[in-house]
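Summary of structural features
If you want the building blocks of each chain, they are given just below.
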Amino acid sequence: MATDIPNLFPALPEIFLALVAMALLMLGVFRKAESTRLVGHLGAAALVAAGALALAFGGLRTVTFGGLYITDAFAVFAKVLVFGASAVTLVLAVKWLEQENVQRYEYPILVLFAALGMGAMVSANDFLSLYVALETQSLSLYLIAAYQRDTVRSTEAGLKYFVLGALASGLFLYGASLIYGFAGSTNFDVLARGFVAGEPVSAGVVVGLVFIVCALAFKCSAVPFHMWTPDVYEGAPTPVTAFFSVAPKAAAIALFLRVMIAPFGDLLAQWQQVVVVIAVLSMLVGGLAAIVQTNIKRLMAYSSIGHVGYALIGLAVGTEEGVSAVLIYLSVYLFMNVGTFAAILSMRANGRMVEGVADLAGLSKTRPVMAAAVATMMFSMAGIPPFAGFFGKFFVFKAAVDAGLIGLAVVGVLTSVVAAFYYLRIVKVLYFDDPADQFEPMPPQAQLVLGITSVAVVVFFLFPLPQVVVAAGNAARALFGA
Amino acid sequence: MTALVFYVFAALTVASGAMVVTARNPVHSVLFLILTFFNVAGLFVLLGAEFVAMIMVIVYVGAVAVLFLFVVMMLDIHAVTLRQGVLKLFPVGSVVGLVLFAELTLVFGAWAWDPNFAQIASSPIPPVSELTNTEALGVVLYTKYVYLFQLSGIVLLVGMVGSIMLTHRLRQGVKRQNPLEQATRPIEECIEVKKVATGKGI
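Residues numbered from 1 in each chain as written. Chains lettered and ligands numbered in written order. Predicted model: local features only at pLDDT ≥ 70, side-chain atom pairs only at ≥ 80, totals over all residues. Heavy atoms only, no water.

If you walk through the whole model with that rule in mind, you get 21 salt bridges over all chains. Arg298(A) serves as the salt-bridge partner of Asp231(A), at 3.2 Å between the closest nitrogen and oxygen. One end of the pair, Asp231(A), is in helix 9 (residues 228-235); the other, Arg298(A), is in helix 12 (residues 296-317), and 67 residues separate them in sequence. The salt bridge partner of Glu192(B) is Lys194(B), with a shortest N-O separation of 3.6 Å. Using a relative accessible area of 62% as the deciding quantity, one classes Glu192(B) as exposed. In this structure Lys194(B) comes out as partly exposed when scored by relative accessible area, which is 48%. Within this structure, Arg153(A), Glu156(A), Lys160(A), Asp231(A), Glu234(A), Lys297(A), Arg298(A) and Glu355(A) form a network of salt bridges that share partners. (Salt bridge = Lys/Arg side-chain N within 4 Å of Asp/Glu carboxyl O. Helix = DSSP H or I, 4+ residues; strand = E, 2+ residues; numbered from the N terminus. Buried < 20%, exposed > 50% of the residue type's maximum accessible area, 1.4 Å probe, protein only.)

Pasting the structure below:
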């Protein structure tokens, strides 16, 4: 029985990543432990190349593998963010692993597989391919959370993430099977044709949809499915936390957008309230719970929960403008978080890592440049103009106001004020407290990343913002054009 | 004839299933479990589902049951002490069983079959005379679902890499046998010829 070979070009970034990951695995196996740096840097280069491949081959909407896989401007936008963030955090991680003397070549390999899963996630056009991609990503993430297997905190983080992640996967599968049972297909295009805005849908589809929203909210750590985030972020090795807070988060939110808009866009009335509640709770918990944190990694965990809340405002709006605002927000968020974690990864005093907020005290006197860069990041996260964070929030709130969700925008602005308190508290610790132990010099990689991101955050409205706005607009149009 | 074979397999399945629960020695329980799996595989063959039968033998007997056997042998379980509370728990257990049975009866009693059920159920599959089950599965698995198949392969690879990463340790000071080194050792390193004078030691 002869069959045509499916069109492989749209999936080129994923195929390339899979091949590179397996080749690097072989390289690592034969060269043993000292190959971590080589494997890590080659892996980062492969991630950059995969992002370039996505840009080069993915512009037009193409569906392949019998409707299981889709590439369009939206997928390309998300993939460039995800692969770029993975590459930068991987380079930072390799340096950190060397400093802590825990290098193993499996780390870059697992990051590559996780990135492969994330790429497949944002390109999924069917619940089947979505589930398999989600598991590829999650399994790799559970493993790198437990990477430092000799420390209790890291193994605890891995186990906790695994158990709760498996629960979320179960919720997702249950929801997907309900939708399959009541709507008759798992394919997003077929599902989208089956739903018409304003017409009644069967209760089974709505229940399934709610289960899927819960599972996706878990994956992007939105309240009330955020319980794992602070513990995992605190327990996992710091470079893993840096990776978790950018790439998987961006991929999960992009996936959330795709699943809600592509097949269920016409059911906006059914899922809008759920997403509004999730967004409001995330902003509140992210803002209030972060105030009492003394560990910087835990603080960043709550900060990321808050940011997910703001991003979800754009989804709750459910318009093209809203989706484009979420994508802009994600790009800004990645810049800020990568920079902040480059600084956190360099918090070494007296030969060991420190992670307390108090350890940053008086940094302006001991390391003035680093302190200035961190302060810039904090101002940006708080959303103070003209820094990048302001524009991220601006577009999201504007989309909400334009769509008439003024209450949601007001809650967003109020919680931003609360969040600004703890971001500015860090600035106060940096500049006005008595100096704590001096940090060791930052590694050159971290210097470069922190330097580039802090400059980017300051001049964001000049350089990447106009381009990001255009690209995000195209991506949002592609998602709605389907 | 088919009916006779069915009853033999069915009776053996139920009987060995009962033995799994009642055997005194946990190792015997696992062996009876394997017998149950074989009989179930026989039932599947009778249904014309030879692929499921093969999977039953390969996965359940070949992997799961052997794993059980390892666990049972390693954990040193005392079946007698485990079974001490049985009489006390028996009423509760039987109530749960009865409820489940009643529910199943209700489900089958109220089941409304689609009049075109037989046609719908067989429509995606070509007739058995043209294509066996295994071939039919292979045809869709490696064409229509090749993407999922490959991606699942990657999930398994990640699982393998991860379990090695989390458990493998390089121990120092372990004496490893290297057959190649042993075989290629020059004779002078291994044997020393000594002249031993009569009546004296070395």
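In terms of nonpolar packing, the biggest core is built from 192 residues, with Phe127(A), Phe244(A), Val259(A) and Phe264(A) touching the most fellow members. Among the elements that line this core, the one with the most residues is helix 10 (residues 238-261) of chain A, at 17 residues. Once residues within four sequence positions are removed from consideration, Val259(A) is found in contact with Phe127(A), Leu130(A), Phe188(A), Ile212(A), Leu216(A) and Phe264(A). Grouped together as the second largest cluster of nonpolar side chains are eight residues, Ala41(B), Ala53(B), Val61(B) and Ala65(B) included. (Core = buried A, V, L, I, M, F, W, Y, C linked by side-chain atoms within 4.5 Å. Contact = heavy atoms within 4.5 Å.)

All names here are of chain A. Taken as a whole and assessed by the stated rule, the structure comprises 29 aromatic pairs over all chains. When the centroid spacing of 6.3 Å and the interplanar angle of 40° are considered together, the rings of Tyr 310 and Tyr 329 count as tilted. Remark: Tyr 329 occurs in helix 13 (residues 320-344) and Tyr 310 occurs in helix 12; sequence separation between them is 19 residues. Overall, Tyr 310 belongs to the buried group, its relative accessible area being 4%. Chaining the aromatic ring pairs together yields one cluster made of Tyr 142, Tyr 161, Phe 162, Phe 218, Trp 228, Phe 243 and Phe 244. Seen from the ring of Tyr 310, Lys 393 lies directly overhead, with NZ or CZ sitting 4.7 Å from the centre. (Phe/Tyr/Trp six-rings, centres within 6.5 Å; stacked < 30°, edge-to-face > 60°. Lys NZ or Arg CZ within 6 Å of the ring centre and 35° of its normal.)

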